[in-house]
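Coordinate analysis (summary)
Now for the letters of each chain:
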Amino acid sequence: MSPANRAPSRNLLRPEFSAERGQPSVRRNLRGVIVGRPGISAAMVGRRYELERLLAMVPSDDDPRVALIAGEAGVGKTRLVREVRSRLPESVTVLSGQATQEAVGRPFELLLEAIEPHVASWDRLPDELETRGRAARALLAPVAPQLGGDDQREYFQQELLRAAVEVVRHVIGEKTAFLVFEDLHWGDTESVKVFGRLGTASGSRLLALGTYRSERLNRRHPMAELLEQLERDQSLLHLTLQRLTTAEVAELLAGAYRRPIPMRVVNELHQRTGGNPFFLEELVTAAGELPPEELPDVRLPWNLSEAVLRHLDALDPDQLSVLESAAVAGQRFSFDLLQSMTGRDETELIEILRRLVDTGLLAEEAPDVLAFRHALTHESVVGSLLGRQRRRLHEAAFEALQQSGSEDYALLALHSEGAERYDVMVEMSRRGASHYLRTGATQEALRLTERGLAEAGEDVELLELASTAAWRADRLDDAAAYASQWEAVTTGSPEARSRALRLRARIEFDAGRPLGQLQYLEAARQVVEPLGETEELAWVYSQLAEAHMLVEEMESAQEWADRSLDLAKRVGSDGAKVRALVNKGSAIIESDLAAGIALLEEAAVLAESVGDHLSHVRAINNALIGGVRIWPPERTAAAIDRMQEVAERAGLDHFVTMAVTNRGYAAELDGNLDLAVSIFSNLGWDEQVGEYESSRIHLATLLCDGNDPDGATSVLDKLGEPEEPSTRCCYVVTRAYVAALRRDPEGVSAQMERFANDRSVAPNPGDDDAYLIAMIALKAGISPAEVRKLLDSVPEETKQSFDHDPALEPALEGALLAATGSHEEALVAYQRALDLDGRRSAAATIAWFRVLMAQSLLALGRNTEAVPQAREAWRLLERWPGWLADETLALLRRLGVGPEVEGPKALTSREREVAALLTEGLSNAEVADRLYISVRTAAVHVSHILTKLGMSSRAEVAAWAVRSGIAPTTDRVAG
């Protein structure tokens, strides 16, 4: 069910009351199990470790286990309990009860709720319980009145406790049981004691699981005594659930909406809810049919606000007054500001704040800096105030901040608006947005401009700041809308209008509309050229150079860059000069790598001196595109570190992602597969779909390198087929790679057909897709003639560019020659590939070339020459595990120089079964029939065995299997 169609959820923090018994009514299924909230995501998020630990606690003997789950309200304790229950066998007896605040003080209330489904139908006490007869009847009277346990005798607590334990043990019998007591912090004393006895006394096959909130306990609470008792028991598992991390919030939302959610939304919701799953789910439910992008602005649901405000019931008037002032001060506030607002003595205020911290409402984040633990608590308290009360408190906060000389413009704007001083709020928004953009706080700048524009919608300065901030934050639709409004209100200022058009042009390119970019820049040129030689015109020329460079019109890009440089020198504009240098260097790097990098490095130095963060990171990034293949690793790493540092400081989120991506590519070039996979797995979901798609596809390719076609398939299936042609091309190539690893030549051929003939698939000139799919096809056993036919269908310009790996073409030619038996000619081609600059190829790629060369040498009987090639490949693959490393190891063993086979452990259990069957001389079809698998799967297993053992025939495998003891000695050996 989609979030938009979900019915409002019941507030489990305040269960409904049953009119019949005056007790909380908790919804249950037919087996008496508490039915918790299903949650907005079908899959539980962030609790895998805890779930595995709890499932491992289920006893297999008569030695009970006890587990406790601690955590604040809404953190997911009930959801975790439900997940544990769903994974238990149907044969497990379940006894579950949930304590409530209203039921505190009723003896055995929690226990009776748990056993009621199992004893309610008793009209006589089982014989085994007659030794505790009267006490047991008295205990069960509220839930099984037909037992007649209504005598007036007064029972000692110990009598009833012993009876309770015996009743539960009888209900369990010989079966495995799962006893769940939820919210033990509200549990009655007697039920808590029964829980402890059942969980620690031998004689029953029981897992006793309790949940509680630690902030609700004090030293006199029965749970405190139980904890002390259980901590001495080594069998106790004590888990504390933490709030969800930002990444887990992203996963939860993606599961709810079945698509990636922009990280801007994820970050805002994580901040707003504090990572509390219950709060998050309530907000999503309240959003109804609204898209997830609007979640940060959804108003707090009344039931959630009520649940939050109930935490304030125990506060005295002074504590509540301080908390209300703190709420108006902000989600995060200083002690000094709060003291100025309240006028309280320091000692008195410290004592009040300590109490608020102890209750879990506030937390001290740093010395003299406090914050609400949940942003929703803050919202609820503010929403409960009277209007005049809020205005007075906002006025007090604003005056205190001004007197202290604060430059916290976000707070100054917030409090001036709350005090209804709107002209001051607009001015604070202007100052603050400009300040935050300079310091890289892009999101804060955007929030401030939006606050100011709500009051002054045609303010030229705010519109310029808003469009710039939205563009830097990758909110392209918002940036385009603000830039259009900005242009519309600048009719009297050609230069301001030109600036608006230039920003609109850049937004067009980032949105995938390069022709629109050129149109807007041409409009800007026509607006500003009549003014003569101005700095703005130099900027226009510079951006025209950038536009032509981005659409691969390099000659035009250089011409516009030179015009911009000349004009920038005449008008004395270092800002325009640095942008022109970046664009010129980026334009010539394809034809003259060294000269292009030199210009970009000059631009980076100048950009830093003038404070142009965007040009600075662009210069580093564009230099890295070429430099990463020729620089030593240390220089590459330093450049990436610098790029990420500047991008983070400037709030250029897109370039931060690009820096991390560069780090992944550098790890790949250096031959570190695990690091590369880790980086691409943790890139997050970029708001620009194209960036997300390309990084996911590249991750799938790396997983294929690691011989994990299932993992690659999972990534590709979750992604779906991209719409952008060049990205779709990468997708097709990776699908072919997966098919090749699965020994599926038909699948490879199908993807080759798409690559060559499907017009929706277009190779990118900057990629090596044509060579890669050709190499994959050869690996899958596709004929050389078919591969050459594929290559002939690809336009020449798609095969090469400045960042194309020139070694791939001769290597592919060598592989084609080797496939037809022309190994001498293949060796010449391989050597030509190796003679090219090795730094332009990834370590694993060079290793592949050397393995191909060694294989051809082996085919020619030149084993001695093959050995150093294979050994060098093995060295390069030291940190690149996968199919190529397996092939290299097999090659070394065939050459007689590899490490010894590590006995049967070299193979999986299934491969050992296959190897044992080969000793009987069985064919692949016979092996498949014996093991109930497909013939193709059997063939794959045999191929893997040959590769892992470095053997060339089934007879070698059979002999090895006998020697290794995984198959009996036999007179018949496979041939």
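Residues numbered from 1 in each chain as written. Predicted model: local features only at pLDDT ≥ 70, side-chain atom pairs only at ≥ 80, totals over all residues. Heavy atoms only, no water.

This brings us to the overall build of the protein chain. Within the protein chain, the secondary structure is distributed over 46 helices and 10 strands. The proportion of buried residues among the 975 residues of the protein chain is 53%. Partitioning the intrachain contacts of the protein chain with sequence separation of at least 6 by distance along the chain shows that 66% fall at a separation of at least 24. (Helix = DSSP H or I, 4+ residues; strand = E, 2+ residues; numbered from the N terminus. Buried < 20%, exposed > 50% of the residue type's maximum accessible area, 1.4 Å probe, protein only. Contact = heavy atoms within 4.5 Å.)

Its identity as a non-glycine residue notwithstanding, Arg 258 has a phi of 60°, on the positive side. In this structure, Arg 258 sits in the loop between helix 8 (246-257) and helix 9 (263-273). Of the residues examined, Arg 258 reaches a relative accessible area of 70% and is grouped as exposed. Look at Arg 743: it is not a glycine, yet its phi comes out positive at around 55°. For Arg 743, the location among the structural elements is in the loop between helix 34 (725-741) and helix 35 (745-757). For Arg 743, a relative accessible area of 32% puts it in the partly exposed group.

A surface patch of negative charge is lined by Asp 336, Asp 345, Glu 346, Glu 364 and Asp 368. By the secondary structure assignment, Asp 336 is in helix 13 (residues 335-342). (Patch = residues over 30% accessible without salt bridge, like charges linked within 9 Å, V, L, I, M, F, W, Y side chains within 5 Å. Areas by Shrake-Rupley, 256 points an atom, 1.4 Å probe, with all protein chains shown as cover. Salt bridge = Lys/Arg side-chain N within 4 Å of Asp/Glu carboxyl O. Lys, Arg positive; Asp, Glu negative; His and termini not counted. Charge placed at Lys NZ, Arg CZ, Asp CG, Glu CD.)

As a further point, take the packing of aromatic side chains. Within the structure shown, the criterion is met by five aromatic pairs. Ring geometry for Phe 181 against Phe 195: centres 5.7 Å apart, planes inclined by 35°, an arrangement best described as tilted. Taken together, the positions of Phe 181 in strand 5 (residues 177-182) and Phe 195 in helix 6 (residues 189-200) put the pair 14 residues apart, joining distant regions of the chain. Each member of the pair, Phe 181 as well as Phe 195, carries the same accessibility label: buried. Positioned over the ring face of Tyr 541 is Arg 563, at 4.6 Å from the centre of the ring. Sitting over the face of the ring of Trp 883, Lys 779 holds its NZ or CZ atom 3.8 Å from the ring centroid. (Phe/Tyr/Trp six-rings, centres within 6.5 Å; stacked < 30°, edge-to-face > 60°. Lys NZ or Arg CZ within 6 Å of the ring centre and 35° of its normal.)

Turning our attention to the packing of helix 9 against helix 10 (residues 277-287). Contact geometry for helix 9 and helix 10: axes closest at 9 Å, N-to-C directions at 120°. As the angle between them shows, helix 9 and helix 10 are arranged oblique. Read as a crossing pair, helix 9 and helix 10 show a hand that is right-handed. Packed against helix 9, whose contacting residues are Leu 269, Arg 272 and Thr 273, the element helix 10 presents Phe 279, Leu 280 and Leu 283 at the interface. Class assignment for the residues of the contact of helix 9 with helix 10 results in four nonpolar, one polar and one charged. (Axes fitted to C-alpha atoms, helices over the stretch in contact; angles between N-to-C directions. Parallel < 35°, antiparallel > 145°, perpendicular 65-115°, else oblique. Left-handed = near helix turned anticlockwise from the far one by under 90°. Nonpolar A, V, L, I, M, F, W, Y, C, P; charged D, E, K, R; others polar.)

Within the element layout of this structure, Ala 396 appears in helix 16 (residues 387-403). A relative accessible area of 26% means that Ala 396 is categorised as partly exposed.

The terminal C-alpha atoms of helix 18 (residues 422-439), which comprises 18 residues, lie 25 Å apart, in line with the 26 Å expected from a rise of 1.5 Å per residue. When we look at burial in helix 18, the residues that qualify are Val 424, Met 425, Val 426, Met 428, Ser 429, Arg 430, Gly 432, Ala 433, His 435, Tyr 436 and Leu 437. (Expected span 1.5 Å × (residues − 1).)

Below, the discussion takes up the nonpolar core. Core analysis: the biggest nonpolar cluster contains 95 residues, and Leu 323, Phe 333, Leu 353, Leu 356 and Ile 507 have the highest contact counts within it. Not counting the four nearest positions on each side in its chain, Ile 507 is found in contact with Trp 471, Leu 476, Ala 479, Ala 480 and Ala 483. Listed in part, the 80 residues of the second largest apolar core include Val 715, Val 732, Ala 736 and Ala 870. (Core = buried A, V, L, I, M, F, W, Y, C linked by side-chain atoms within 4.5 Å.)

Looking now at the pairing of strand 9 (residues 362-366). Where strand 9 lies against strand 10 (residues 369-372), four bridges are found, and the strand directions are antiparallel. Bridging from a neighbouring strand, Ala 366 pairs with Val 369 of strand 10. Between strand 9 and the antiparallel strand that follows it, strand 10, lie two residues; Asp 368 among them carries a positive phi value of about 70°. (Pairing = 2+ DSSP bridges.)

Looking now at helix 30 (residues 653-669). In this model, helix 30 (17 residues) spans 25 Å end to end at C-alpha, consistent with the 24 Å of a helix rising 1.5 Å per residue. Listed in full, the buried residues belonging to helix 30 are His 654, Phe 655, Val 656, Ala 659, Thr 661, Asn 662, Gly 664, Ala 666, Ala 667, Glu 668 and Leu 669.

Below, the discussion takes up the side chain of His 185. With respect to the secondary-structure elements, His 185 resides in the loop between strand 5 and helix 6. On the basis of relative accessible area, His 185 is assigned to the buried category, the value being 4%. Separated by 3.0 Å, the side chain of His 185 and the backbone nitrogen of Arg 213 make a polar contact. (Polar contact = N/O pair within 3.5 Å; in protein donor to acceptor, adjacent residues only side chain to side chain.)

Let us now look at the pattern of salt bridges. Here the structure, examined in full by the defined rule, presents 49 salt bridges. A salt bridge links Glu 130 to Arg 137; the nearest nitrogen and oxygen atoms lie 2.8 Å apart. Here the salt bridges share partners, and the residues they tie into one network are Arg 264, Glu 268, Glu 444 and Arg 447.

What follows covers the confidence of the model for the protein chain. When pLDDT is averaged across the protein chain, the result is 81; 86% of the residues are at 70 or more. The low-confidence segment residues 969-975, where pLDDT is below 50, has 15 contacts with residues more than four positions distant or belonging to other chains. (pLDDT = per-residue confidence, 0-100.)

For the rest of this paragraph, the subject is the packing of helix 38 (residues 808-819) against helix 39 (residues 823-835). Orientation of helix 38 relative to helix 39, taken along the N-to-C sense of each, is 165°, at an axis distance of 8 Å. Looking at the two axes, helix 38 sits roughly antiparallel to helix 39. Between helix 38 and helix 39 the crossing geometry is left-handed. Across the interface between the two elements, Pro 810, Ala 811, Glu 813, Gly 814, Ala 815, Leu 817 and Ala 818 of helix 38 pack against His 823, Glu 825, Ala 826, Ala 829, Tyr 830, Arg 832 and Ala 833 of helix 39. Split into classes, the residues belonging to the contact of helix 38 with helix 39 amount to nine nonpolar, two polar and three charged.

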